[in-house]
Amino acid sequence: MNSVELIGLDKHYGQYHALKSLDLTIEKGEFIVMVGPSGCGKSTLLKTIAGLETVDTGKITIGGKDVTRAEPGDRGIAMVFQSYALYPHMTVAENMGFGLRMARRPKAEIDVAVRRAADILRITEQLDKLPKQLSGGQRQRVAIGRAITRSPDVFLFDEPLSNLDAALRTQMRVELSTLHAELGSTMIYVTHDQVEAMTMASRIVVLNKGAIEQVGSPLALYANPVNRFVAGFLGAPRMNFIEGTTTEVGTDDALVQLAGLAPLRIALRQGATVKTGDPVTVGIRPEAFAVGGSKPASCPARVRLVENLGRETVVYADASPLVTSGSDTGTRNVTIQLGSAVAVAPNSEITIGFDPADAYLFGSDGATLTPAKPEIQSR
Amino acid sequence: MYPRAIPENRPLSRFAYGLLVALVLALWLLPLFAVIMTSFRSFDDVMAGNYWGWPSKIQVFENYAAVFQQSKMLDYFLNSLIITIPSTIAVLVLSTMTGFVLSRYPFPGAMVIFALFVGGNFLPQQIMMIPIRDLMVATGLYDTFWALILFHVAFQTGFATLFMRNFIAALPSELFQAARAEGASPWQTLIHIVAPLVRPALAALAILVFTFIWNDYFWAVVLTQSDAVKPVTAGLSNLRGEWVSQWNIVSAATILVAVPPVLMFFLMQKHFISGLTMGAVKG
């Protein structure tokens, strides 16, 4: 059964087109993570599902019921906010029972629901405390507990872990995944943190400028982005994009000329629309690069910066005339991610290379031209 | 940061600061001190022009007792309370409601309504003296408690709305979204979320409004006539004789009249809790 269905959602803020004819079907029990750069409309979308924002046109159904014009309280949703939004004058127990109290449920029922949620989240000892007596992690637990007490059909999370420190974030991530498995409810989660998206989602929705770019499982999106935007958004460090031109287009592959490299033969997907002489972008993930001349396509480079993270090493190298565009660092250096601690000296000359089979090819409109790659690499 | 503390290593500046504070305080309190001293004096001292010197005879009890013997001061006190307490409560309730709606529910015309509330404060009240008096006479409310209660509620609500609107607008908006997502109606939100969180604002406002209304003399004179409705401020003038005024008695009465607002301040003080919203968001 479909849990949440969004049909043709459209929303303007004055002149600003916030949501552009959005369609999305969410199955019961899915953990949907919506990601995108700031201002992409992901929080707006979540608030329209919650009913805190209205839509201009379109339809929202939750559990088969049309709730497009329903009040938030009548939609069967519960929302967890980034800032926790706990009522400061109420104890933890009162905070968690607030929704049921407003619905005038019997006191015994509220007590049972609060106890149950507190047990799940291990905050039973905190029930009589005020929010200001709790740590950040405990407060976010209470906010989640407040959502659980109402036993909603759909949980909505608006960047709930953004205010927590790194260690706590990792812990809460695991707890949220466990909680999802335990409750089996539909959860819709908005974040800008791609680690949260990759680790928790059953499906990721990538949003950009108020429209959905791609929907799919984390690995599917990582291995087979439909366009340059999705390819660049998922993966840290970011994919290297190198501008080039096609010199020859065959039926299932093309020769691509990049500055500083011999022409590369890159496979094309069926129906890829590209002609000889078209500008294209080659995308190579940092982990697809290797240091040394072992790979088919290689060139010399000078090391600019080395980030030694212990279990991995990230090398930023100047390989001009081979230059990247739109990198995280704002430079035109190539980013190379090596799988272990490697001794690479800054300013040393190295040879970097990659296998054209690992490369992605994007057309001038950004669409992916290369055929689907396996989601799990067998190497 | 303002005000900046004077550094420890500037003893001269620190001394000058302390001296100036004392000087300003003395200037500020001088009239009050004179009134208090006069309320202890005998009538002979007043006649002799001994306003600032040590009283030749201290007669605290006599003077203060005379206040109640020579006039219906007790009745006036009661009248003042009958006017001030319901007015203050009504202003607080109304302004919390208007402030909540104006700060949280954007609707067409909200700005105009808000501007009217604020703009009303800029009208000099004296220019309304004749129309308001005529209105009260026409409605049969002239010289009743209702005349003053209605007038004060109407005119204090404007300022109080501005005050409450700004205070409620400063509360984290996620709290209201959370309440709405949990199915709380606007009324429930007002009672369970807004009211407890605006307590410090209400306490401050209560003191201000109480003092304004209690101290009002102008409208008390304009809208009342009989001793049965007259508040203390207007009643004070009854103490003045036709030819000579017993300033020692008037002073004693004045001190008595000033007591309730001061009491109000100490009563409300415990509600000034800073950081009431602490723990609501982030932290």
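Residues numbered from 1 in each chain as written. Chains lettered and ligands numbered in written order. Predicted model: local features only at pLDDT ≥ 70, side-chain atom pairs only at ≥ 80, totals over all residues. Heavy atoms only, no water.

Enquirer: Give a description of the confidence of the model for chain B that names residues and reports values.
Expert: In the predicted model, chain B carries a mean pLDDT of 89, and 94% of its residues have values of at least 70. Quick note on the complex model: pTM equals 0.85, ipTM equals 0.85. (pLDDT = per-residue confidence, 0-100.)

Enquirer: Lay out the domain arrangement of chain A in plain terms, naming residues and giving numbers.
Expert: Residues and elements named next belong to chain A. The assigned domain composition of chain A is domain 1 (2-228) and domain 2 (237-362). For the domain 1 and domain 2 pair, buried surface summed over both sides reaches about 630 Å², with 47% attributable to carbon and sulfur atoms. On the domain 1 side of the interface with domain 2, the three residues burying the most area are Tyr222, Pro225 and Arg228, jointly 86% of the side's total. For the pair domain 1 and domain 2, the number of links is 1 salt bridge. The interface formed by domain 1 and domain 2 contains 5 residue pairs in polar contact (both at pLDDT 80 or more). Taken together, the residues of the side of domain 1 that touches domain 2 sort by class into 3 nonpolar, 1 polar and 1 charged. (Domains from an automatic or database assignment. Buried area = accessible area lost by both parts, 1.4 Å probe. Salt bridge = Lys/Arg side-chain N within 4 Å of Asp/Glu carboxyl O. Polar contact = N/O pair within 3.5 Å; in protein donor to acceptor, adjacent residues only side chain to side chain. Nonpolar A, V, L, I, M, F, W, Y, C, P; charged D, E, K, R; others polar.)

Enquirer: How would you explain helix α8 (residues 173-181) of chain B if you had to name every residue and give the values?
Expert: Among all positions of α8(B), only B:Leu175, B:Phe176, B:Ala178, B:Ala179 and B:Ala181 are buried. Contacts from the buried residues of α8(B) go to β6 (77-80), α2 (92-102) and α4 (136-149) of chain A together with α4 (73-104), α7 (145-169) and α9 (186-197) of chain B. Looking one or two residues past α8(B), B:Gly183 carries a phi angle of roughly 85°, positive in sign. (Buried < 20%, exposed > 50% of the residue type's maximum accessible area, 1.4 Å probe, protein only. Helix = DSSP H or I, 4+ residues; strand = E, 2+ residues; numbered from the N terminus. Contact = heavy atoms within 4.5 Å.)

Enquirer: Pulling in residues and values, what's your account of helix α10 (residues 199-215) of chain B?
Expert: For α10(B), built from 17 residues, the straight-helix expectation of 24 Å at 1.5 Å per residue is met to within 8% by its first-to-last C-alpha distance of 24 Å. Against the buried residues of α10(B) lie α4, α7, α9, α12 (232-236) and α13 (247-268) of chain B. (Expected span 1.5 Å × (residues − 1).)

Enquirer: Could you give me a rundown of the UniProt feature "transmembrane region" (unreviewed entry) in chain B, with the residues and numbers involved?
Expert: Residues and elements named next belong to chain B. Summarizing the sequence annotation, UniProt attributes the feature "transmembrane region" (unreviewed entry) to residues 12-37, 76-95, 107-124, 144-168, 189-214 and 247-268 in the numbering used throughout. Along residues 144-168 the backbone is 96% helical and 0% strand, and the end-to-end C-alpha distance reaches 35 Å. Spanning residues 189-214, this segment combines 96% helix with 0% strand, and its end C-alpha atoms are found 32 Å apart. (UniProt positions renumbered as here; feature names shortened; annotations may be inferred.)

Enquirer: Please provide a residue-by-residue account of the packing of helix α3 (residues 60-70) of chain B against α13(B), values included.
Expert: Residue and element names in this part refer to chain B. Where α3 meets α13, the axes come as close as 8 Å, and the angle between the chain directions of the two elements is 90°. It follows that α3 is roughly perpendicular to α13 by the angle criterion. Counting all contacts with α3, which are made through Asn63, Tyr64, Ala66, Val67, Phe68 and Gln70, the residues of α13 involved are Asn248, Ile249, Ala252, Ala253, Ile255 and Leu256. Class assignment for the residues of the contact of α3 with α13 results in 9 nonpolar, 3 polar and no charged. (Axes fitted to C-alpha atoms, helices over the stretch in contact; angles between N-to-C directions. Parallel < 35°, antiparallel > 145°, perpendicular 65-115°, else oblique.)

Enquirer: Quick one: what's the story with the sheet that holds strand β1 (residues 2-13) of chain A, residue by residue and with numbers?
Expert: Residue and element names in this part refer to chain A. Spatial ordering of the open sheet is given by β2-β1-β4-β5, a layout of 4 strands whose pairing is antiparallel. The open sheet has two edge strands, β2 (16-27) and β5 (65-66), and neither has a second partner. Against the sheet, helix α1 (residues 42-50) touches β1, β2 and β4 (57-62), its axis set at about 120° to β1. (Pairing = 2+ DSSP bridges.)

Enquirer: A description of the domain arrangement of chain B should follow, citing residues and the corresponding values.
Expert: All names here are of chain B. Here chain B is partitioned into domain 1 (11-67) and domain 2 (71-282). Centre-to-centre, using C-alpha coordinates, domain 1 lies 31 Å away from domain 2. Opposite the 14 residues of domain 1 that make contact, domain 2 presents 14 residues. With both chains or domains summed, domain 1 and domain 2 bury close to 1,100 Å², and 77% of this area falls on carbon and sulfur atoms. Taken as a group, Phe43, Tyr64 and Val67 account for 51% of the area that domain 1 buries against domain 2, more than any other trio of residues on that side. Along the contact surface separating domain 1 from domain 2 lie 3 residue pairs in polar contact (both at pLDDT 80 or more). Mapped by element, the contributors of at least two residues to the side of domain 1 that touches domain 2 are α1 (11-40), α2 (43-48) and α3. Sorting elements by how many residues they give to the side of domain 1 that touches domain 2 places α1 first, with 5 residues.

Enquirer: Go over the sheet that holds strand β8 (residues 186-190) of chain A with me, naming the residues and quoting the values.
Expert: All names here are of chain A. Taking strand neighbours across the sheet as the criterion, the 6 strands line up as β6-β7-β8-β3-β9-β10 in an open arrangement whose pairing is mixed. Strand pairing shows two members of the sheet lacking a second neighbour, β6 and β10 (211-216), which therefore form its edges. Averaged over neighbouring strand pairs, the angle between their axes works out to 20° when direction is ignored. Alignment of strand β3 (residues 31-35) against β8, held across 4 bridges, turns out to be parallel. Looking across to β8, one finds that Ile32 is bridged to Ile188. Its contacts with the sheet put α4 on β6 and β7 (154-158), and the angle it makes with β6 is roughly 175°.

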